[in-house]
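Observations on the model geometry
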Amino acid sequence: MNLYSIKTRILLVVIFALIPSAAVLILMSTETGSMVVRNAKNQNAFAASSIAYQQRLVIETTRQFLKTLTLDRSIEEMDIGESKVLLRSVLESNSYYATVSLGDATGMVVAAGIPVTPYSLADRPYFSKMMERRTFVIGGYVISRSTGLPVLPFTYPLVGPDAGIYGFINAAFILKSYGDIFSYDKLSSDSIVEIADSAGIRLFRHPAKEGEGAGTPVDPKLWAELSAKENEASLVFKESDGKPYLLSYEKIDGDADGLPDIFIAVKVPAEKAFSALKGTIGRSVLLIALSSLFAIVIAWIMASSTIVARLERIVGIANRFAGGDLSVRCGSPRVRDEIGVLAVALDSMADSLKAKANESRMTEASLRAAVVESEILLNEVHHRVKNNFQIISSLLNLQAGSIEDEKARQLLLESESRIRSMALIHETLYQTELFSEIDFATYIESFVGEARTGLGDARSGVSIVVEADSLLLDLEKSVPLGLILNELVTNAFKHGFPDGRQGTITVRLERDGGTKAILEVRDDGRGFPAGFDHRKGAGLGLQLVTGLVEQLHGICRFENAGPGVSALVEFPL
């Protein structure tokens, strides 16, 4: 499928138009899904609340049961004989308890509902808690010392007139009794009930599972959730086996000390709890897919028959236009819609293009002739300027030959040299046919060639070496830089090698990065005299160099190069 075709774009328009409807359906399915999740959580939380309510009844019933026993005279007066008879009678009518016992303030059990050898509960944490808080307390998972059964102990203190504790009454709830007293009608068939004490030790599990009975620790991740600060919650979590569950839990503070004594947890495998969610999402996805497919098929058929075929014909005609055939036409459209208007506009454009093509051919021929004429004229200008400079140079040279004053004659020769350097600029432009800029490296080679003949190797034994990078410069920079080069080379000959001294002059041109260039003229002659400053008391040549460098917005440095002098000009491009 061509992503840039009209049909594809129409399909994209249809798809984008379907997005709001799909978004509404997705939103509705999301809300329905959220409702399913809320209902599942609420149902599971209700089941946890039902189990917690039944656990609270066990606690409250036991509390009232023990409190009532403390009011009996035989218990209140610690009458061991009568207490044994009472406790045995009470135990026979309450089969949920392993034993009911009476003990003194030291923790020693002195009477019980079953015959036992006296034993102590002083080491039990719940006994210490009862003595400290002086009220009814709930213990944790223990093995009964009188029966050997797993039990949950409840203890109530006996408080004397002086507010001191002189004994206690204890009831040991048999953990297996949970299976008989709890009602599971609020639970789903896949629900799992876990009851744990404050230490995370399992008191009960429904349904029973080998290895997870009373006295075993609950799953560490489950205990981490149960130990959170919330007193009740419903959430999805994963146990250590990685299986996700919907968990609802409640914490029970049975003795009102502000700390949970018993934890009730009801969990359901998430797959079972949210099974209705799959059907809801599946129906929504199917509805979105079918409606989208129907709209796309209709759009594809309509686009092919009513739009694309007509556009393809127009594109074919436009391609023939591009190939140079301006004689074809779309003709009058049968349907005056946007595509028909496009066909009429294309025919009109073809007529206009044909007329303009004829006009352009004539204009192009005229422009070519004008360009050739301009090039000839500009070439002639540079040629004439060069000739004029050469005439002036020759006149100055002839004039110098007729002057006997050596100083005046030297001044005329220096002026002639400057005129000659400017003429060389225009000669270089004329020879290279670049009318706006020159390669200054080529100019340097030409200049040095003339200098060797006039001043250097041929006459004084001074050689000139060129180290120049290719650098294109316009006339605005080439003319002053050519004059600077002339002055620096002339000064090197004149002052660096007097009295026939031999040596070398090096001319270096290089681009320094992309924003500036450096021109250096260096010789190995006698160098500057001590204390020389080119800016103070210098001759016309160095003054001219200083002014021309300023014109280039550059800087100029002169220094003894040991031996000889280095003149370095740095200017921006």
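Quick note: structure is the one above.
Calculation notes
As a convention, each chain's residues are numbered from 1 in the sequence order in which they are written. Only residues with pLDDT of at least 70 are given local features in this predicted model, and only at 80 or more are side-chain atom pairs given and counted; all residues enter the totals for whole chains, interfaces and linings. Based on all heavy atoms of the structure, the side-chain values leave hydrogens and waters out of the count. To define axes, lines are fitted to C-alpha atoms, for helices over the stretch in contact only, and angles between the resulting N-to-C directions are given on a 0 to 180 degree scale. Numbering goes from the N terminus for both helices and strands, where a helix is a DSSP run of H or I of at least four residues and a strand is a run of E of at least two. Should an angle lie under 35 degrees it is considered roughly parallel, over 145 roughly antiparallel, and from 65 to 115 roughly perpendicular; all remaining angles are considered oblique. Should the near helix be turned counterclockwise from the far one by less than a right angle, the crossing is left-handed, whereas a clockwise turn marks it as right-handed. We call two residues contacting when some pair of their heavy atoms lies within 4.5 Å. Each reported salt bridge corresponds to a side-chain nitrogen of Lys or Arg within 4 Å of a carboxyl oxygen of Asp or Glu. Remark: exposure states derive from per-residue accessible area (1.4 Å probe, protein chains only) relative to the maximum for the residue type, with buried under 20%, exposed over 50%, and partly exposed in between. The length a helix should cover is 1.5 Å for every residue beyond the first. To pair, rings of Phe, Tyr and Trp, with the six-membered ring standing in for Trp, must have centres within 6.5 Å; the planes then decide the type, stacked if under 30 degrees apart, edge-to-face if over 60, and tilted in the middle. Working rule: Lys NZ or Arg CZ, within 6 Å of ring centre, within 35 degrees of ring normal, means a charge sits over the ring.

Remarks on the packing of helix α13 (residues 475-496) against helix α14 (residues 540-551)
For the pair α13 and α14, interaxial distance at closest approach is 9 Å and the crossing angle is 150°. In terms of their interaxial angle, α13 and α14 are classed as roughly antiparallel. The two elements α13 and α14 meet at a crossing, and its hand is left-handed. Taken together, the residues of α14 that come into contact with α13 (itself represented by P480, L483, I484, E487, L488 and N491) are G541, L542, L544, V545, L548, V549 and Q551.

Comments concerning the pattern of salt bridges
By the definition in use, this model includes 17 salt bridges. The salt bridge involving E60 is made with R63; its shortest N-O contact spans 3.1 Å. Of this pair, E60 and R63 both sit in helix α1 (residues 6-70), separated by 3 residues, roughly a single helical turn. On the basis of relative accessible area, R63 is assigned to the partly exposed category, the value being 21%. Residue D512 pairs with K516 through a salt bridge whose shortest N-O separation is 3.7 Å. Salt bridges linked by common partners bring E194, R202, E239 and K267 together as one network.

Description of α14
Helix length check: α14, at 12 residues, gives a terminal C-alpha distance of 16 Å against a target of 16 Å (1.5 Å per residue), a fit within 8%. H553 lies just past α14 and shows a positive phi near 60°.

A look at the packing of aromatic side chains
Here a ring pair, both rings aromatic, is described through the centre-centre distance and the interplanar angle of the planes. All told, the structure shown has 13 aromatic pairs when counted by the stated rule. Measuring from centroid to centroid gives 6.2 Å for Y97 and F173, while their planes differ by 75°, and the two rings are edge-to-face. Here the residue Y97 occupies a position in strand β1 (residues 97-104), and F173 occupies one in strand β6 (residues 165-174), the gap between them amounting to 76 residues. In this structure, Y97 and F173 share a single accessibility class: buried. When the centroid spacing of 6.1 Å and the interplanar angle of 85° are considered together, the rings of F182 and F204 count as edge-to-face. Of the two residues, F182 sits in the loop between α5 (178-181) and β7 (192-197) while F204 sits in strand β8 (residues 202-206), which places them 22 residues apart along the sequence. Exposure class is identical for F182 and F204. Each is buried. Following the ring pairs from residue to residue traces out a cluster consisting of F65, Y97, F173, Y178, F182 and F204. The positively charged end of K267 is found above the aromatic ring belonging to Y245, 5.0 Å away from the centroid.

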